[in-house]
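# Observations on the three-dimensional arrangement
Here is how the chains run, residue by residue.
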Amino acid sequence: MSPTVLLAFLVAAVAGAEAACPSDWVELDGDCYWWTPSSISGAELSDACRAVRSDAVPVSVHSAAQNSQLAESLVHGFPVWLGLYRPDGSGAEFAWTDGSQIDFQFWADGQPAGDGELCVYINADPQTGTWAACDCQQWMLPYMCRLPGGAASRA
């Protein structure tokens, strides 16, 4: 295969991969993400993601690299809801709304601070991207959603 044909093939493959996410969604490390500055309560998060797209879920974070990418690329200087919450109320263990395992956590110092803090957000500082917990009903924050299965399933 000539270098020109190979280059054309690679460009087409990359362009196809970039187009795998729906319009207005961002591909980060193979997954599709959507962010909005519109503020909602943490209790509305799952419904808000489904309203954007029926197969969208609140974001779960599973590595330091993913957390850094989200903080640097999607947070835009705002604290933003994550899909981490206490499903059984005060004192319960946290869980991801998408049912995935908690295999990574990045709490800010002193967090989570109290039993009444049932929802979690990623802080606005893109340099740290630490998490904090708060009252789901009283806080109104921007949010982001993810498409399960990532960009590969959208091609």
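Everything in this summary refers to the structure shown in the same document. (Residues numbered from 1 in each chain as written. Predicted model: local features only at pLDDT ≥ 70, side-chain atom pairs only at ≥ 80, totals over all residues. Heavy atoms only, no water.)

Let's shift gears to the state of the cysteines. Under the defined criterion, the tally for this structure stands at three disulfides. The side chain of C21 participates in a disulfide bridge whose partner is C32; the two sulfur atoms lie 2.2 Å from each other. In this structure the cystine formed by C21 and C32 twists about its S-S bond by roughly -90 degrees; its chirality is therefore left-handed. In this pair, C21 sits in the loop between helix 1 (3–18) and strand 1 (26–28) while C32 sits in strand 2 (residues 31–41), placing the two residues 11 residues apart along the sequence. Disulfide partner of C119: C136, at an S-S distance of 1.9 Å. Sign of the S-S torsion, about 100 degrees for the bond between C119 and C136, identifies this disulfide as right-handed. (Disulfide = S-S within 2.5 Å. Helix = DSSP H or I, 4+ residues; strand = E, 2+ residues; numbered from the N terminus.)

What follows covers the nonpolar core. Counting 20 residues, the largest nonpolar core has V61, L70, L82, I122, W131 and M144 as its most contacted members. Looking at this core, the elements with two or more residues in it are strand 2, helix 3 (64–73), strand 4 (80–85), strand 6 (119–122) and strand 7 (131–134). The greatest single-element share of this core, amounting to three residues, is contributed by strand 4. With near-sequence residues (within four places) excluded, V61 lies in contact with Q66, N67, L70, L82, W96, D103, F104 and W131. In this structure, C49, A56, L141 and L147 belong to the second largest nonpolar core, which totals 19 residues. (Core = buried A, V, L, I, M, F, W, Y, C linked by side-chain atoms within 4.5 Å. Buried < 20%, exposed > 50% of the residue type's maximum accessible area, 1.4 Å probe, protein only. Contact = heavy atoms within 4.5 Å.)

Looking now at helix 2 (residues 45–52). Within helix 2, the full set of buried residues consists of L45, A48 and C49. Seen end-on, helix 2 carries its buried residues on one side only, within an arc spanning 100 degrees. (Arc of directions from axis to C-beta.)

Regarding helix 3, the residues found buried are Q66, N67, L70 and A71. Each buried residue of helix 3 lies within a common arc of 130 degrees when the element is viewed along its axis, so the set occupies one face. When the buried face of helix 3 is taken as reference, the exposed residues oriented beyond 90 degrees from it are A65 and E72. The inward-facing, buried residues of helix 3 abut strand 1, strand 2, strand 6, strand 7 and strand 8 (140–147).

A separate point is the pairing of strand 2. Pairing of strand 1 with strand 2 involves three bridges; the strand directions are antiparallel. By the bridge assignment, L28 is partnered in strand 2 with D31. Hairpin remark: strand 1 followed by strand 2, antiparallel, with two residues in the connecting loop; positive phi at D29, about 50 degrees. Two strands pair when backbone bridges link them, and strand 2 and strand 8 are joined in this way by seven bridges, in the antiparallel orientation. For W35, the partnering residue across the bridge sits in strand 8 and is M144. (Pairing = 2+ DSSP bridges.)

Just geometry here; none of it tells us what the structure is for.
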